[in-house]
Amino acid sequence: TGFELAAEADDLSGNIQQEQVTRHVRRALQGLPADMRQVIIMKEYEGLKFSEIAEILGLPVSTVKTRMYTGLTELRKRLEHLRAAV
């Protein structure tokens, strides 16, 4: 029916938009300094706690948190810049 086709089109559109968002996030993440990128990946993608990241990297927890929050701030700026360019 028409409703089923519309729902499938919406799903497809949503998938395409999600792929674009994922691509933008990856691009912005790659532009970050390696130390910030590493902490963000370990925390957000690998699900590690700040204390675990600190132990693995041999850093104080405060340094890990600083890299995380500074990196996320920079990531947000980069994503806003990419969004403005689109």
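This text goes with the structure placed above it.
Draft legend 1. Structural view of the overall build of the chain. Secondary structure assignment for the chain yields four helices and zero strands. Each helix (α) and strand (β) of the chain, taken in turn from the N terminus, gives the series α-α-α-α. Going through the 86 residues of the chain one by one, you find that 21% of them count as buried. Residue pairs in contact within the chain that sit at least 24 positions apart in sequence constitute 50% of those at least 6 positions apart.

Draft legend 2. Region of interest: the pattern of salt bridges. Within this structure, the stated rule accounts for two salt bridges. Across the salt bridge formed by D35 and R67, the nearest N and O atoms sit 3.6 Å from each other. Residue D35 is found in helix 2 (residues 34-45), and its partner R67 is found in helix 4 (residues 61-85); the two are separated by 32 residues along the sequence. D35 sits in the partly exposed class, given a relative accessible area of 31%. With a relative accessible area of 22%, R67 lands in the partly exposed category. In this structure, R78 and E74 form a salt bridge, with 3.3 Å as the shortest nitrogen-oxygen distance. Of this pair, R78 and E74 both sit in helix 4, separated by four residues, roughly a single helical turn. When its relative accessible area of 29% is taken as the criterion, R78 is described as partly exposed.

Draft legend 3. Fine view of the nonpolar core. Among the nonpolar cores identified, the biggest contains 14 residues, and I53 and V64 are the most heavily contacted of them. When residues of this core are assigned to their parent elements, the largest contribution, four residues, is made by helix 4. Filtering out sequence-adjacent residues up to four positions away, I53 remains in contact with V39, M42, K43, L48 and V64.

Draft legend 4. How the structure looks around the side chain of R37. Checked against the element boundaries, R37 lands in helix 2. Among buried Asp, Glu, Lys and Arg side chains, R37 stands out as unpaired, with D35 the closest opposite charge at 8.1 Å. For R37, the residues in contact, after removing those within four places along its chain, are L29, Q30 and L32.

Draft legend 5. How the structure looks around the environment of A28. Mapping A28 onto the fold places it in helix 1 (residues 2-30). The class of A28 is buried, set by a relative accessible area of 3%. Distance in space between the C-alpha atoms of A28 and K77 is 9.0 Å, their sequence separation being 49 residues.

Cut-offs used in this document
Residues numbered from 1 in each chain as written. Predicted model: local features only at pLDDT ≥ 70, side-chain atom pairs only at ≥ 80, totals over all residues. Heavy atoms only, no water. Helix = DSSP H or I, 4+ residues; strand = E, 2+ residues; numbered from the N terminus. Buried < 20%, exposed > 50% of the residue type's maximum accessible area, 1.4 Å probe, protein only. Contact = heavy atoms within 4.5 Å. Salt bridge = Lys/Arg side-chain N within 4 Å of Asp/Glu carboxyl O. Core = buried A, V, L, I, M, F, W, Y, C linked by side-chain atoms within 4.5 Å. Lys, Arg positive; Asp, Glu negative; His and termini not counted.

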